[in-house]
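One letter stands for each residue in the lines below.
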Protein chains: 4
Amino acid sequence: MIKIGLIGFGYWGPNLLRNFMANPNFQVYAVADGNPKRLELVQRIDARIKLIADADILINDPEIDAVVIATPVGTHYPLTMKALAKKKHVLVEKPLCTNQREAQEMIDLAEKMQVTLMVDHTFLFNSSVQKIHEICRSGELGKICSFDSVRVNLGLFQQDINVLWDLGPHDFSIVHYLFNEEPIHMEAAAYAHLNPHLPDMTYLTMYFPSNMIAHFNMSWMSPVKVRRVSIGGTNKMLVWDDLNHEEKIKIYNSGISHQQEENRNVIIPEYRIGDIFSPRVPNKEALQGVVAHFANVIFKKEKSLMDGYAGLRVVKMLETAQQAIESNLQQLSKKRETHSCKKEYS
Amino acid sequence: MIKIGLIGFGYWGPNLLRNFMANPNFQVYAVADGNPKRLELVQRIDARIKLIADADILINDPEIDAVVIATPVGTHYPLTMKALAKKKHVLVEKPLCTNQREAQEMIDLAEKMQVTLMVDHTFLFNSSVQKIHEICRSGELGKICSFDSVRVNLGLFQQDINVLWDLGPHDFSIVHYLFNEEPIHMEAAAYAHLNPHLPDMTYLTMYFPSNMIAHFNMSWMSPVKVRRVSIGGTNKMLVWDDLNHEEKIKIYNSGISHQQEENRNVIIPEYRIGDIFSPRVPNKEALQGVVAHFANVIFKKEKSLMDGYAGLRVVKMLETAQQAIESNLQQLSKKRETHSCKKEYS
Amino acid sequence: MIKIGLIGFGYWGPNLLRNFMANPNFQVYAVADGNPKRLELVQRIDARIKLIADADILINDPEIDAVVIATPVGTHYPLTMKALAKKKHVLVEKPLCTNQREAQEMIDLAEKMQVTLMVDHTFLFNSSVQKIHEICRSGELGKICSFDSVRVNLGLFQQDINVLWDLGPHDFSIVHYLFNEEPIHMEAAAYAHLNPHLPDMTYLTMYFPSNMIAHFNMSWMSPVKVRRVSIGGTNKMLVWDDLNHEEKIKIYNSGISHQQEENRNVIIPEYRIGDIFSPRVPNKEALQGVVAHFANVIFKKEKSLMDGYAGLRVVKMLETAQQAIESNLQQLSKKRETHSCKKEYS
Amino acid sequence: MIKIGLIGFGYWGPNLLRNFMANPNFQVYAVADGNPKRLELVQRIDARIKLIADADILINDPEIDAVVIATPVGTHYPLTMKALAKKKHVLVEKPLCTNQREAQEMIDLAEKMQVTLMVDHTFLFNSSVQKIHEICRSGELGKICSFDSVRVNLGLFQQDINVLWDLGPHDFSIVHYLFNEEPIHMEAAAYAHLNPHLPDMTYLTMYFPSNMIAHFNMSWMSPVKVRRVSIGGTNKMLVWDDLNHEEKIKIYNSGISHQQEENRNVIIPEYRIGDIFSPRVPNKEALQGVVAHFANVIFKKEKSLMDGYAGLRVVKMLETAQQAIESNLQQLSKKRETHSCKKEYS
């Protein structure tokens, strides 16, 4: 039995609490949150849980074996470092932290203290993602050429991070999990409808060593919610529509191949439109899998899908994407100046 | 009554023929096509139409008042120039030609010869596009912030042009018609699944003087057909789904506004999710409108939505986007080299 | 503060518990269930709640002001009668009971004891149903001609009741709430895939004094889940698709009217296909409204939408429909015999 | 080469003309229609076709080998009888005629004259129907238990026939083709929004010797167009959605089976929700298949799917359904009287 201390009881905290309470390997010992109203909620759910106002006190509690951190991104690094220093296992919300240097320090300290450091990339335990992983690995799709993700919605504005840092960790962890490669080049465009410092819409293109291209459309400003990923392979194509409850995954036995005409430099595309297959995807909560995995990693030294290195790689992708956005905004700003000058003098 | 000569009876030719036959202002006098089988088809449709193997003969026929050109893009310029030189009115398929210089020459010659030059940007007479134009102009959406277009499908490979030159004219003519401004900056990514010289997938971002951002996802490689445009305004949002036969246009009375807290530098987003309205869009063929417009422009000197200048602007956008694709491919190619070197020596 | 005793903690019990706990007018004092495992669950949720194995003990507890009954249908009548006799207010799950005579006795006893008797027709507090009620009452649709409901799914088999008694209370309470009239005639067909005594599919047609026709398709055997109601009025039509999260209700400004030609006995139908409007429907839990309403009925003597009479009317519709099913099955059985005889001797 | 005379150039005539023109086994020799404007249209399509105002003249023309009849239902019988008497092959629009007696006479005369009599049940050559036929015959679905069809729309009002006679022939010919059995019992409800003599909405239930139940919802008064058939088998279920262009047919590997508990009279339903498979359905025009079939039946004495007997069976189903509707309306009318009396005296 692992005694858990949970820090942060905001949007995601209640889900963590519920899943840790339901797993027999864990006992939720304490919850820390600076807001007394949130602690009241905890008490209503289970009066036996210790309520703590100050995260440091929780971290220093010798009863606690593992700390679960669900606080704003900026606090992930200091809280995790303190907990690791106290030899606590740590499960931290995504993204792991705000830059690669911090991530590396966290990994190093966890190794030194011989404790588990895990980042909650929940989507890796999503039934659809696991099914797609299985399908991609089986070779059924052929060589993967393209990955196109649309993750847009209205109304999930964050006060502290932009849309990239909010939604990007989902998609980047999925891409890394599915294809196990890192981009060699990235391009990005971003747009802020409200706060110019926090873009609420971004378009990203990534290029991979295998020649795969990935494109991400992330937005907080779409009136229609879309959660759709299309994966193009040389044999088949797959579409994952997370909002289609009956057919989340569809595999299209469709594609185009080319025949080079003999003695001629002409490529004739050949179409194939075939059957569509929608595999049954079990209906289970991803976070439940994360919690079970955390126990297995601690007890059985199971190799983690979402260890510090996985967290680091996602942070690296976020940092690179952020740089691409900024360089793009600078370039654009120059163009705007030139454009205004032209107009002024014309 | 205007006597028409149609050059090219391939994919689009039969639609042009049918609509010109149905319009009482026109008489289809002759059709030219190098392929005798295609001419046979014409004869079966109307035995009175003159069949001509050679476009030049058609252009030189003094009986003909106007020439309609539906041939591969590369031939638009020479055929149009010859027809204009013979003082024929010309309706040419989109895109007008392959570069801005050609476009300007065509415009100049048409003005000199005092004949009509029109490019068939059919979508401008699409009922949904006209309705959206009306809605945008009315101010109902507020200031337009973003335009996001997805135009993807499987199986429309062209042998002579890439996906940008195939699908781009639709979207670019629509954007120009709706918002009447030209981009000040463009970025593009492209991918070729088959023929490396003819990308079959492209992602484009355009930035406009008004601060609007537009993004285009064009592909010949999607297993699912999508034709969707989302327009984000400061008041309302609009989605045009061309494949939804019952509700092509939806207007969402949804959005986010911000309230700056007094004495504080904090922006609080305020959500609004409201009613959805789907205006009735008449079900009529766009090409019928183009043909009627052609008659009005010739006879009544009506100002054309799709004159040579409109054609030129679209060609300019295509050329700029093509350059963005090429510069992107070069940049990527360098990164790939660096990446391989690194791997080699590491 | 009303002290509640909840009897039955099966499928629906947890929802009742959660909503009563959240409402400040109520204190959940005790829960009774014969299954100790279910009581354990209650304890985990709130350790202060009294756990009781025997419903009678709960009913006799003088601390309790109101009893909430969420047990199998067959027990609604005896449990409610005992509770009413003890002068407890009662909220009982739908359907109220198994026949009209029982219903009338329950109503009479509640009146005699001057306590509240309410049946949990939850759908009357569903946001969509309330919106539709408002729309129908406003006259926007014109005179209502037809009501067509499809409520089908896979996998909600009940052991004790057939599909009519399981799903019918939803639809019948809605129809009664919306139109406030009782059918003058009913027809029914039923089919049992598995247990011949418990039909799992039924088709019902009802005819109303106002001339409205209503049709109900209820099934436990559809691979696709459908929850759709279409209402046809003389002015407009309305569709409620409960599974469409973005546009639950759509109002179609479409219809057909007729013009009688002068001096002639010919009716010329005139079509009208117009705009579609989807009003915003608030996203709130219906059961929360039921619980608040229960408090208002008890304290403020608010007229209840779901009093004993409402429960009785739904039971009457169920009984009549059940008779229609049985008479239909008998008729069919005779036809089958005749058919077999014919075959035998032919 | 069979010389065809087409009688009736209304709604369906142009489709027949186009398909007969495209088939090399046929020459369209003449078209008859009482309306000169319709004949003008024919001339515009092919100036070589003989135009005839009077159907009798066409039937008597010795040049003509086969007559295609696309006139109002009431005229099918006399025109067909005349044509058969002149030893012409006949393809007549559905339904074959207005009653069984007429149908039998037509069959008898065709046999006597040794010519082909075929009724255009176009749907039997619809790609989806043929695929479903293949699937049902393969046994993949198990034993068929239920067939549920929804065929509703706005705006196809007929002046001479009700919704049953308009839409029923489609569904009834499909049911007969797929399952090859005739109903032993039928029930029907109908409703007329406009003309009380021509119901525009009907609900039908049919019971078959195999124990299959079929239900049909037909309407001209639905704001939303639906064309959906669900077939429930003991192994799998199939849904045909004719408006879903990408996945017309879906096979659900889902169902419910029951296990009888040992020594107990308890049936435990066991759910199975599995994969979904959507077979590729070729995109071809059904009428083209009908026309080719007509040639094969005439020349190669191919057994016809849609001979006089097939036509007769559909007419028999229509007559029986019509009787069910009428008996239902009478029953309802009595109830309404009783209801009014009760109200009057209460």
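J.: Sorry, what's going on with the overall build of chain A here?
T.: Along its length, chain A carries nine helices and 16 strands. With the principal axes as the frame, chain A shows a C-alpha extent of 75 × 60 × 40 Å. Sequence separation of at least 24 residues holds for 66% of the intrachain contacts in chain A that already meet a minimum separation of 6. Working note: accessible area of chain A is about 14900 Å², and carbon and sulfur atoms make up 51% of it. Measuring between centres, the 38 positive side-chain charges of chain A sit 2 Å from its 39 negative side-chain charges.

J.: Explanation requested: the confidence of the model for chain A in the structure shown.
T.: Low-pLDDT portions of the prediction should not be read for the details of their coordinates. Looking at chain A as a whole, its pLDDT mean stands at 92, while 94% of the residues score no less than 70. In the model output, the complex is listed with pTM 0.91 alongside ipTM 0.90.

J.: Is there a simple way to explain the relation of the copies chain C and chain B in this structure?
T.: Between the two copies of the chain lies a relationship made up of a rotation around an axis and a movement along it. Overlaying chain C on chain B yields an RMSD of 0.0 Å, the required transformation being a rotation through 180° with an accompanying axial translation of 0.0 Å. Both copies of the chain, as the preceding transformation shows, are related through a two-fold rotation axis. Ranked by how close their C-alpha atoms come to the rotation axis, the residues of chain C are headed by C:Phe277, at 2.3 Å. Taken as a fraction of all interface residues of chain C, those also at the interface in chain B reach 100%, which identifies the copy contact as same-surface.

J.: How should the interface of chain C and chain D be read in this particular structure?
T.: Accessible area lost during the coming together of the parts is what is often quoted as the interface size. At the junction of the two partners, chain C supplies 55 residues and chain D supplies 54 residues. Joining chain C to chain D, the criterion identifies zero salt bridges. Our enumeration of links across chain C and chain D arrives at 18 residue pairs in polar contact (both at pLDDT 80 or more). By residue class, the composition of the side of chain C that touches chain D is 31 nonpolar, 18 polar and six charged.

J.: Would you explain the pattern of salt bridges in this entry?
T.: Oppositely charged side chains can pair when the atoms bearing their charge come close. Taken as a whole, this structure holds 52 salt bridges over all chains when the rule is applied. The salt bridge partner of B:Glu182 is B:Lys316, with a shortest N-O separation of 3.1 Å. Separated by 134 residues along the polypeptide, B:Glu182 in the loop between helix H7 (163-179) and strand S8 (185-191) and B:Lys316 in helix H9 (residues 308-345) bring together distant segments of the chain. According to the relative accessible area criterion, B:Glu182 is partly exposed, its value standing at 31%. Between D:Glu285 and D:Arg18 there is a salt bridge whose closest N-O contact spans 3.0 Å. A residue pair is termed long-range when its members are at least 10 positions apart, and D:Glu285 in the loop between strand S16 (276-278) and helix H8 (286-300) and D:Arg18 in helix H1 (residues 13-22) qualify at 267 residues. Residue classification places D:Glu285 among the partly exposed positions, given a relative accessible area of 32%. Among the residues examined, D:Arg18 registers a relative accessible area of 40% and is labelled partly exposed.

J.: Quick question: what am I supposed to make of the interface of chain C and chain B here?
T.: Listed per partner, the contact involves 12 residues of chain C and 12 residues of chain B. Across the chain C to chain B interface the summed buried area is about 1100 Å²; carbon plus sulfur atoms make up 47%. Run the count over chain C and chain B and you get two salt bridges. In this structure, the salt-bridge partner of C:Glu247 is B:Lys250, at a minimum N-O distance of 2.4 Å. Linking chain C with chain B are eight residue pairs in polar contact (both at pLDDT 80 or more), by the criterion used here. Counting residues per element, the side of chain C that touches chain B draws most heavily on strand S16 (residues 276-278) of chain C, at three residues. Here the residues of the side of chain C that touches chain B sort into five nonpolar, two polar and five charged. Relative to S16(C), strand S16 (residues 276-278) of chain B runs antiparallel, the two sharing three bridges. When the sheet's bridge partners are listed, B:Ile276 is paired in S16(C) with C:Ser278.

J.: What is the right way to look at the sheet that holds strand S4 (residues 66-69) of chain A in this model?
T.: Pairing between the strands of a sheet is mediated by backbone hydrogen bonds and can be parallel or antiparallel. Residue and element names in this part refer to chain A. Spatial ordering of the open sheet is given by S3-S2-S1-S4-S5-S6, a layout of six strands whose pairing is parallel. The outermost strands of the open sheet, each flanked by one partner alone, are strand S3 (50-52) and strand S6 (117-120). Taking the axes of each pair of neighbouring strands and ignoring which way they run, one obtains an average angle of 25° across the sheet. In this sheet, S4 lies alongside strand S1 (residues 2-7) in parallel orientation, the contact comprising four bridges. Counted as the bridge partner of Leu6 is Val68 from S4. Against the sheet, helix H2 (residues 36-45) contacts strand S2 (26-32) and S3, and its axis sits at roughly 175° relative to S3.

J.: Explain the side chain of B:Arg336 here, please?
T.: Here B:Arg336 is to be found in helix H9. From its side chain, B:Arg336 meets the backbone oxygen of A:Phe208 in a polar contact 2.7 Å long. In this structure, B:Arg336 is in contact with A:Ile184, A:Tyr207, A:Phe208, A:Pro209 and A:Asn211, ignoring residues within four places of it in sequence.

J.: Quick question: what am I supposed to make of the packing of aromatic side chains here?
T.: Each pair of aromatic rings is reported with the distance of its centres and the angle of its planes. Taken as a whole and judged by the stated rule, the model has 32 aromatic pairs over all chains. With 6.3 Å between their ring centres and 85° between their planes, C:Phe20 and C:Phe294 make a pair best called edge-to-face. Placement of the pair is C:Phe20 in helix H1 (residues 13-22) and C:Phe294 in helix H8 (residues 286-300), with a sequence separation of 274 residues. Summarising the burial analysis for this pair, C:Phe20 and C:Phe294 share the class buried. Geometrically, the ring pair formed by C:Phe172 and C:Phe216 is edge-to-face, given 5.3 Å between the ring centres and 80° between the ring planes. With a gap of 44 residues between them, C:Phe172 in helix H7 (residues 163-179) and C:Phe216 in strand S10 (residues 213-219) connect regions that are remote in the sequence. Grouping residues by exposure puts C:Phe172 and C:Phe216 together as buried. Members of the aromatic cluster, each reached through a chain of ring pairs, are A:Phe147, A:Phe172, A:Phe179 and A:Phe216.

Rules of the game
Residues numbered from 1 in each chain as written. Chains lettered and ligands numbered in written order. Predicted model: local features only at pLDDT ≥ 70, side-chain atom pairs only at ≥ 80, totals over all residues. Heavy atoms only, no water. Helix = DSSP H or I, 4+ residues; strand = E, 2+ residues; numbered from the N terminus. Contact = heavy atoms within 4.5 Å. Areas by Shrake-Rupley, 256 points an atom, 1.4 Å probe, with all protein chains shown as cover. Lys, Arg positive; Asp, Glu negative; His and termini not counted. Charge placed at Lys NZ, Arg CZ, Asp CG, Glu CD. pLDDT = per-residue confidence, 0-100. Least-squares fit on C-alpha atoms with pLDDT ≥ 70 in both. Salt bridge = Lys/Arg side-chain N within 4 Å of Asp/Glu carboxyl O. Polar contact = N/O pair within 3.5 Å; in protein donor to acceptor, adjacent residues only side chain to side chain. Nonpolar A, V, L, I, M, F, W, Y, C, P; charged D, E, K, R; others polar. Buried < 20%, exposed > 50% of the residue type's maximum accessible area, 1.4 Å probe, protein only. Buried area = accessible area lost by both parts, 1.4 Å probe. Pairing = 2+ DSSP bridges. Axes fitted to C-alpha atoms, helices over the stretch in contact; angles between N-to-C directions. Phe/Tyr/Trp six-rings, centres within 6.5 Å; stacked < 30°, edge-to-face > 60°.

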